[in-house]
Amino acid sequence: ETLEELQFLGKKYLKRCDWANAEKVYDKILDKYPTEEEAFDIFNKLKIWKHMEVENGVLKRFTGKFSEVILPEAVTSIGPRVFTGNRGVQTVIFTNKVESIEREAFYQSKDLKSVVNLSNVRFIGKSAFFDCPFLEECDLGNNVEYISDEAFRGCTSLKKIRLPVSLKQLER
């Protein structure tokens, strides 16, 4: 198998969120090409991604305790209560594919400090970041249209939030 064939297979498995098979493919890439930077990067992401359950683009569950979480390209929405009560996750890095953060997605994520790259997020659900006392950084980007009730209530470290011109509805 050539590097190109292995990379094609790996990307195919990543799109299907088939973390176990993707990890096997990238193990092979690392065995054959130990200096291949992309393979090493993806392998490290897989360590995190195998703690995720993604269905039809919706991140349904996350069970990891990593300090930094980089979401896979397959994720278009953060489902309800995915990170609720999580201890350990400090930073979540979104891809430009994510369009919604559902209700209570990060509710009481006590260690969360920053969410990065919300550039295409259009919807932030009820209590999405409720009681995240250490959340300091949350750049909403330019596409947010709707922010629901109490989305940032209890985020006592969040000093400033820029509301984009795209915003159509801001609930209390």
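Numbers given for residues are sequential positions, taken from 1 along each chain in its written order. Given that this is a predicted model, residues contribute local features only at a pLDDT of at least 70 and side-chain atom pairs are listed and counted only at 80 or more, while totals for whole chains, interfaces and linings are drawn from all residues. Only hydrogens and water are set aside; all other atoms, that is, all heavy atoms of the structure, feed into the side-chain values.

### Considering the layout of surface pockets
It is the rolling of a water-molecule-sized probe over the atoms that shows where space remains empty. Worth spelling out the cut-off: Buriedness for pockets is judged along seven lines, at least five of which must meet protein on both sides within 12 Å for an open set on the 1 Å grid over protein atoms alone, while cavities are sets there where a 1.4 Å probe fits but cannot get out, and lining residues have an atom within 4 Å of a point. Grid points are joined across faces, edges and corners, and a volume is the space filled by probe spheres set on the points. Strands here mean DSSP runs of E at least two residues long; helices mean DSSP runs of H or I at least four residues long; both are numbered from the N terminus.
By volume, the largest pocket is sized at about 280 Å³. Along the wall of the largest pocket there are 16 residues; nearest its centre are Leu14, Trp49, Pro72, Glu73 and Ala74. Counting only elements with at least two residues in the lining of the largest pocket, the list comes to helix H1 (3–15) and helix H3 (37–49). Counting residues per element, the lining of the largest pocket draws most heavily on H3, at 4 residues.

### Some remarks on the pairing of strand E1 (residues 52–55)
Heads up, the rule is: The rule is simple: take the accessible area with a 1.4 Å probe, protein chains only, and divide by the maximum for that residue type; under 20% is buried, over 50% is exposed, in between is partly exposed. Between any two strands, at least two bridges found by DSSP are needed for them to pair.
Covered by surrounding structure in E1 are Met52 and Val54 only, the residues Glu53 and Glu55 on the alternate face being uncovered. Pairing analysis gives 4 bridges linking E1 to strand E2 (residues 58–62), with the strands arranged antiparallel. Along E2, the bridge assignment pairs glutamate 55 with valine 58.

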